Every structure is written in C-alpha cells, then in structure tokens.
Amino acid sequence: MRKILVTGGCGFIGSNFIRFMLNKRRDIMIVNLDKLTYSGNPANLRDVQSHPRYRFIKGDICDRAKVDRLTKGSWGIVNFSAETHVDRSIQNADVFLKTNILGAHTLLESARTNRVKRFLQISTDEVYGSLRRGEAGEGSPLRPNNPYSASKAAADGLVRSYFVTFCLPVLIARSSNNFGPFQFPEKVIPLFVTNLMEGKKVPLYGRGEHQRDWIFVLDNVRALELILHRGKIGEIYNVGQGHPISNLELTKKILKVCGAGEEFIRHVKDRPGHDFRYSLNVGKVRRLGFRPRFQLEEALRLTVDWYRQNKAWWRPLKKDVFTLK
Ligand SMILES: NC(=O)c1ccc[n+]([C@@H]2O[C@H](COP(=O)([O-])OP(=O)(O)OC[C@H]3O[C@@H](n4cnc5c(N)ncnc54)[C@H](O)[C@@H]3O)[C@@H](O)[C@H]2O)c1
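Nothing here was measured: the structure is a model prediction, and the numbers come from that model.

(A) Just the overall build of the protein chain, in detail. Across its full length, the protein chain carries 11 helices and 13 strands. Taken against the 2.2 N^0.38 rule, which gives 20 Å for 325 residues, the C-alpha radius of gyration of the protein chain at 19 Å falls within 12% of a compact globule. Overall, the C-alpha framework of the protein chain stretches about 55 × 45 × 40 Å when taken along its three principal axes. Classification of the 325 residues of the protein chain by burial places 58% in the buried group. Counting contacts in the protein chain only where the partners sit at least 6 residues apart, residues at least 24 apart contribute 84% of the total. If you sum the accessible surface of the protein chain, you get close to 14200 Å²; carbon and sulfur atoms cover 50% of it. Counting 54 positive and 31 negative side-chain charges, the protein chain places the averaged centre of each group 4 Å from the other.

(B) Main features of the site of the ligand. Near the ligand lie 28 residues; those nearest to it are Ile13, Asp34, Thr84, Tyr148 and Lys152. Here an oxygen atom of the ligand and a backbone polar atom of Ile122 are 3.5 Å apart. The fraction of the free accessible surface of the ligand (840 Å²) that becomes covered by protein chains is 96%. Every element with two or more residues in the shell around the ligand is listed here: α1 (12-24), β5 (118-124), α5 (147-166) and β7 (177-179).

(C) Here's a closer look at the sheet that holds strand β6 (residues 170-175). With parallel pairing, seven strands are arranged side by side in an open sheet as β3-β2-β1-β4-β5-β6-β11. Edge positions in the sheet fall to β3 (54-58) and β11 (236-239), since each has one partner strand and no second. Averaged over all pairs of adjacent strands, the angle between strand axes in this sheet comes to 20°, irrespective of strand direction. Bridge count for β6 against β11 is four bridges, and the pairing is parallel. Within the sheet, the bridge partner assigned to Ser175 lies in β11 and is Val239. α5 rests against β5 and β6 of the sheet, and its axis sits at about 155° to β5. The strands touched by helix α7 (residues 217-230) within the sheet are β1 (2-7), β4 (76-79), β5, β6 and β11, with β6 carrying the most contacts at an inclination of about 160°.

(D) Structural detail: the pattern of salt bridges. Applying the stated criterion across every chain yields a total of 18 salt bridges. Of the charged contacts in the structure, one is a salt bridge between Glu109 and Arg112, with a shortest N-O distance of 3.0 Å. Placement of the pair is Glu109 and Arg112 together in helix α4 (residues 94-113), with a separation of three residues, close to one helical turn. A relative accessible area of 15% places Glu109 in the buried class. Classification of Arg112 by relative accessible area gives partly exposed; the value is 32%. Salt-bridge contacts for Asp305 lead to Arg308; the nearest nitrogen and oxygen are separated by 3.4 Å. Of the two residues, Asp305 and Arg308 both sit in helix α10 (residues 296-309), three residues apart, roughly one turn of that helix.

(E) Representation of the domain arrangement of the protein chain in the model. Domain annotation of the protein chain identifies domain 1 (2-178 + 213-239) and domain 2 (184-212 + 245-275 + 297-320). Contact with domain 1, which involves 19 residues of that partner, is made by 19 residues of domain 2. Between domain 1 and domain 2 the total buried area reaches about 1600 Å² when both faces are included, carbon and sulfur atoms providing 54% of it. On the surface where domain 1 and domain 2 come into contact, there are two salt bridges. Arg271 is the partner of Asp87 in a salt bridge, and the nearest nitrogen-oxygen pair spans 2.7 Å. Across the domain 1-domain 2 interface, the total number found is eight residue pairs in polar contact (both at pLDDT 80 or more). At the level of secondary structure, the elements contributing two or more residues to the side of domain 1 that touches domain 2 comprise α3 (86-91) and β10 (214-216). Top element by residues in the side of domain 1 that touches domain 2 is α3. It accounts for four residues. Along the lines of polarity and charge, the residues of the side of domain 1 that touches domain 2 split into five nonpolar, 10 polar and four charged.

Scoring rules and cut-offs
- Residues numbered from 1 in each chain as written.
- Predicted model: local features only at pLDDT ≥ 70, side-chain atom pairs only at ≥ 80, totals over all residues.
- Heavy atoms only, no water.
- Helix = DSSP H or I, 4+ residues; strand = E, 2+ residues; numbered from the N terminus.
- Rg over C-alpha atoms; globule rule 2.2 N^0.38 Å.
- Buried < 20%, exposed > 50% of the residue type's maximum accessible area, 1.4 Å probe, protein only.
- Contact = heavy atoms within 4.5 Å.
- Areas by Shrake-Rupley, 256 points an atom, 1.4 Å probe, with all protein chains shown as cover.
- Lys, Arg positive; Asp, Glu negative; His and termini not counted.
- Charge placed at Lys NZ, Arg CZ, Asp CG, Glu CD.
- Near = heavy atom within 4 Å.
- Polar contact = N/O pair within 3.5 Å; in protein donor to acceptor, adjacent residues only side chain to side chain.
- Pairing = 2+ DSSP bridges.
- Axes fitted to C-alpha atoms, helices over the stretch in contact; angles between N-to-C directions.
- Salt bridge = Lys/Arg side-chain N within 4 Å of Asp/Glu carboxyl O.
- Domains from an automatic or database assignment.
- Buried area = accessible area lost by both parts, 1.4 Å probe.
- Nonpolar A, V, L, I, M, F, W, Y, C, P; charged D, E, K, R; others polar.

Below, the structure is given as structure tokens:
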C-alpha cells in the first residue's frame, strides 16, 4: 500500500483529487494535511471521511515537525495547499509568501530527508504571465505579474532546485483555470453562478476581453494522477484544454445555462495588473496519454446543476467572498 501525503486536500481541486484517487486506485492510502483556511472545508470530503484508506489531519504545511511525522513512510507528496485568490494577494501578499513559498520549502525539505519517491507540485499557468499571442510551453520564461503568481513561480523554482541539487524526484503540473463542484464561490464561475441563483448581477472585470483556458476539475485530477504515476521525474507538465476564450464569451455561456439575459452583466473596474491572456501548449501531457473528456458547455451545465443542488454548501460561504476595493 502506498501512502500519499496530500496537502490542501480540503480545498477545491485537492478534494476532487482525493475522491478520484480513492475511487480509482486500491493500492494507495491518503493522508490529507490541511490548515482549513477560509477556503478549506472538511465538508468537501464528507462522503469519504470514514473511508478506510483516508485520514484527515488539521495542520499547517509550514509546521516542520508535523510535516515530518506525516512524511515519514510516505511514498509521495502532492502539494495543493496554497493561498489562491489573486485579488486577495493584491490586498495583502504576506500569507501568500508564507504558505506558497516557505510552506513549499518545508515540504521539500521534509521530502528530501525522508526520501519520498514522488513530489508533485501543483502549479498554475499564471506563472507564464500574460501572452499577447501564441502558447506557453513548459520551457517558456516565467513572467508572473501579481503576488499570487509570483509566489507560485518562486515555489516552482524551489522545486526545480531540489531536483537539480538534491536529486529529489519532483514533478510540476501547471494547470489552467479549473472549475467544477466544491469551488469556493469567490472564483469567477461559482461567483457568477451563485449570484444568478440569488437574482444578483455578475461583476465582469473591464470589458471582459481577457482570455483564459478553462478545464473541468474532473479532467484536471485525471491528468494529475497520470503525471504523478507516469510523468518523467524532473519534468513540468502543462494541463489545460488548449482553447482560451474571453471572459465575456464565458459569461454569456454561464448566463445561457442559468437562463439569464445579458442585462445581468455589471461591468466593474479592471483588476490592477490584470493578465490579458493565458494560453498553454498542452502537447506534452497529451503525449503522456491525457485527453480531456468534458467540453466546456457540458461541464458548465454539470457545474451549474451541482451549485443548484448544493445551496446549503455555498450559501454560508458567500459572506467570506473577497472583493477588491
Ligand atoms: N483553482 C484553479 O483554477 C487553479 C488553477 C491552477 C492551479 N491551481 C493551484 O491548485 C492548488 C489548489 O487550488 P484550489 O483552487 O483548490 O485552492 P483552494 O483555495 O480551494 O484550496 C486551498 C487549500 O489549501 C489549504 N491551505 C492553505 N494554506 C495552507 C497551509 N499553510 N497549510 C495547509 N493547508 C493550507 C486551504 O485550507 C485549502 O483547503 C493551488 O496550489 C493553486 O495554486 C489552482
């Protein structure tokens, strides 16, 4: 039985990953270390909380003694834990640097001394910065433009350095924008969907021309499992659909699925330093065998249905939604 330490597993992507792994593989047990910040919610994993191959530990990835106790005997570490909301990082970046950089370093040191066999760092397409045209390949320069993406790029640099300097068996996955069940309702898709369910307008930054590549979280977690088990040690893998669309196009699709008209769009002042366009070359993960199964429209419908059926989950969280002043 392989023990895998998953950190940040009570968040959006981490919880979907844990559920997927427990269902897919019988040869693993998962220990989930999560600090339970505003975005970490044990209810995201209520259905597996008494699973025989799952254990939850509340704690901080910066706590070296606790991390060491959990890393001992672990085959792998998958690091999802992070502060993740760009707007919050613009307001105050302190905790982003602490968790996303120092926390990643604590995990790397613990992985090195306890000789783990795999260290998968969950990174983001935002580290490449804004691209006017073309696609970012895994070897493209990192040009982070906000404190969140800068902290993620710094962590990627540390992960790489542990491979080169200490031969730690690392992998990095850089995913595009995820959406789906259990996403905290301050991120754009669940914010818009839940606002519409409450009869409110959706706040669209600027004219909505910014472009993002969207991937359904259930596709992303399949790619992450593949990278963890079949990726080449020391390598980076981009994960996305490979089809960026503008925020306005996305908004119109959400409005359509929710049965609302364009009068529900409220244009708001653009975010400072807002990256105009992210676009990933996803050839490498495709060559590993990954193909997304969900088209954007179908995945949006599934997501809207989930938020419709889980009002008791998201309603109490709306009070913690952060808005940049
Ligand atoms: N959501 C996306 O679209 C997206 C895209 C690409 C990459 N990512 C990356 O994927 C990872 C997960 O993102 P998410 O959207 O699920 O985030 P999330 O905000 O939903 O979850 C983050 C989790 O980390 C936990 N956490 C925060 N600080 C911690 C600490 N110091 N110690 C232990 N746990 C801590 C939180 O409690 C929470 O459960 C992040 O590393 C993020 O950068 C996210």
